[in-house]
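Residue-level structure breakdown
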Amino acid sequence: MMALASVLIAAAFVRPLERVASLDPIRAQAIYDSRAVMLYCETPLEYDYEARPYRLVPGVCELPEFSEDGLVCTLRMRRKGLTSRDVKRSLERLRDPANVSPGAWILKNVESIETPDDDTVVFTLKSRSHVFPWMLAMSYAGIRREDGSGTGPYKLKSWWKNHEMVYERNMAWPGWEGVSGRPFDEVRYLVIDDVSTQWLMFLKGEIDFLGEISRDNWDALVDGSGRLDPKLEAEGVRLVSAPSLDVLYLGINMRDQVLGSNKALRQALTCAFDSQRWIEFHSGRVQYADGPVPPGVDGRLEEPHPYQFDLVRAKSLLAEAGYPDGIDPKTGRRLVITLSIGRPTQDSREKGELLASFFAKAGVRLELSFHTWEAFLRAVNEGRVQMYMMGWVGDYPDAENFLQLFYSKNASPGPNHSDYKNADFDAAFDAAMSAGGAEERNVHWRECQRIVREDCPWIFTHYPKSYSLVRPRVGNYVPSAFPYGNERYLRVNEK
């Protein structure tokens, strides 16, 4: 019995995961939902697991064919067990206004979806869109049969809400054919709220993978030279690092009477942000952020930010903005700016206090306002904040996905939470979207980034780095900014 038990345990991949709210693809708004959905669902297109830069490969469908004018996109089915009608039904359900899906936006440019036969799906687009194929690899586009079942590599075995999800391998999935190595027979997601508990469970070998390492545990994990703790190294544990396609920032409400119309003040606050001290606070696990488009994305602007950390310049710009020495002439007192923060954790409080110290050195007082996450989002969307701390996780590796956050037509409750409006930016954005090729498009994307850097509707704080701890029995792990459903690629190391 003991031998059998050890074999069963070895066949299960175990990792912590935040609470999953829904297994319905059209409701997969959080990254945790997307992970759970993409284990049992397949999408029309997928990411190549190993290729960097990222590229698309066939999923349920072959890679798309576009008409000469770019308005007709044709997909051919390749996965048995599904037909073009399944694709159409799933995507029509996604864009049905009655379903109020948070992912309906990925199909907002689709005029119609037609299925001339069981093997062909034809999308007619309202305008040319070079990013449309990326959207067909998102979890929102998960395809299900009419009874709601998926055809992915795993099937849900049990779900104890807020505690554990267990998936078992779908032996009928065609993707298993011809694979080398032994896939995991089960995937177990455990809800473990306390990061210290996660850490202890990893040390005991009770979980195989740790994707988020707290700052408190980092110093015990890695020495000053960046080397993994010798004890873990001796056990065969790997520390895997990779850049992420995320950007963290302090958003400025452009509707605010103090900040919205005063560009020099926004520039001053940007110059007051001590990026090096911020990186040190994060134990070197983040990268300096110089704009909205992170490294590794085609079209990124590779020029120095015009408003880098410079206290002397920050004070000069404050005077230019009408606040000499940080004093508000209307009150005769120090200028006060309020930063709204969602989720009042110890970490977010420490970050807020550090930011306050940055602005204090320039002469500005920063007050912190903490909210529940739901109340925070409502306040941001309704413009009831002055500044806010937020991040953007890239949906796909294209500059458009990051620059759309400044497009005036996407103002709140859309992704342009700052309600930023600039006619020159919009013109450059529109020109990029209608460009005939990547080279022409990137010229306009870079101009968009120059405009945003000059206007300072955001203070860019950092690009996160991804660090993962992987136990030696987990083989073929490749870090990805799009990890949804990637457990299918893992293999059991039998050694």
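Thresholds, definitions, all that
- Residues numbered from 1 in each chain as written.
- Predicted model: local features only at pLDDT ≥ 70, side-chain atom pairs only at ≥ 80, totals over all residues.
- Heavy atoms only, no water.
- Buried < 20%, exposed > 50% of the residue type's maximum accessible area, 1.4 Å probe, protein only.
- Helix = DSSP H or I, 4+ residues; strand = E, 2+ residues; numbered from the N terminus.
- Contact = heavy atoms within 4.5 Å.
- Core = buried A, V, L, I, M, F, W, Y, C linked by side-chain atoms within 4.5 Å.
- Salt bridge = Lys/Arg side-chain N within 4 Å of Asp/Glu carboxyl O.
- Pairing = 2+ DSSP bridges.
- Disulfide = S-S within 2.5 Å.
- pLDDT = per-residue confidence, 0-100.
- Axes fitted to C-alpha atoms, helices over the stretch in contact; angles between N-to-C directions.

Focus: helix α2 (residues 31-40)
- Counting buried residues along α2, eight of its 10 residues qualify, which places the element largely inside the surrounding structure.
- Those residues of α2 not exposed but buried are Asp33, Ser34, Arg35, Ala36, Val37, Met38, Leu39 and Tyr40.
- Looking at the buried positions of α2, the neighbouring elements they touch are β1 (12-16), β8 (154-160), β9 (164-169) and β10 (186-190).

What about the nonpolar core?
- Formed by 103 residues in total, the largest nonpolar core has its most connected members in Leu91, Phe123, Leu355, Met387 and Phe425.
- Contact partners of phenylalanine 123, with chain neighbours within four places excluded, come to Leu71, Val72, Cys73, Leu75, Leu91, Val110, Ser112, Ile113, Phe132 and Leu136.
- Judged by nonpolar contacts, the second largest core, of 26 residues, contains Leu23, Tyr154, Met165 and Trp176.

Regarding the environment of glycine 70
- Tracing the backbone shows glycine 70 in the loop between β4 (65-66) and β5 (72-76).
- C-alpha of glycine 70 to C-alpha of serine 434: the two residues are 364 residues apart in sequence and 9.9 Å apart in space.

Section: the pattern of salt bridges
- Tallied over the full model, the rule gives 29 salt bridges.
- Of the charged contacts, one joins aspartate 86 and arginine 89 as a salt bridge, the two residues approaching to 2.7 Å between their closest N and O atoms. One end of the pair, aspartate 86, and the other, arginine 89, are both in helix α3 (residues 84-95), three residues apart, so they sit about a helical turn from each other.
- Since its relative accessible area comes to 28%, arginine 89 is described here as partly exposed.
- The shortest N-O distance in the salt bridge between arginine 300 and glutamate 302 comes to 2.9 Å.

Some points on the sheet that holds strand β7 (residues 120-125)
- Spatially, four strands are ordered β4-β5-β7-β6 in an open sheet, and the strand pairing comes out antiparallel. If you trace the sheet from one side to the other, it starts and ends with β4 and β6 (110-117), each paired once.
- Two elements, β6 and β7, share five bridges in a ladder whose sense is antiparallel. Bridging from a neighbouring strand, glutamate 114 pairs with valine 122 of β7.

Regarding the state of the cysteines
- In total, this model carries zero disulfides according to the counting rule given.
- Note on cysteine 73: no disulfide assigned, nearest cysteine sulfur contributed by cysteine 61 at a separation of 9.4 Å.
- Under the relative-accessibility criterion, cysteine 73 is labelled buried at 0%.
- Between cysteine 271, a free cysteine, and cysteine 456, which holds the nearest cysteine sulfur, the sulfur-to-sulfur gap is 7.3 Å.
- Classification of cysteine 271 as buried rests on a relative accessible area of 0%.

As for the confidence of the model for the chain
- In this model, the chain carries a mean pLDDT of 93, and residues with pLDDT of at least 70 account for 97%.
- Residue range residues 1-8 is modelled with pLDDT below 50. Its contacts to residues more than four positions away, or to other chains, number one contact.

Description of the sheet that holds β9
- Within the open sheet, the four strands sit side by side as β1-β10-β9-β8. Their pairing is mixed. A single partner strand is all that each edge strand has here, and the edge strands are β1 and β8. Looking at each pair of strands side by side, their axes are set apart by 15° on average, direction ignored.
- Looking at chain direction, β9 and β10 are connected through five bridges and run antiparallel. Of the residues in β10, the one forming a bridge with tyrosine 167 is valine 187.
- The sheet strands contacting α2 are β1, β8, β9 and β10, and the helix crosses β10 at an angle near 165°.

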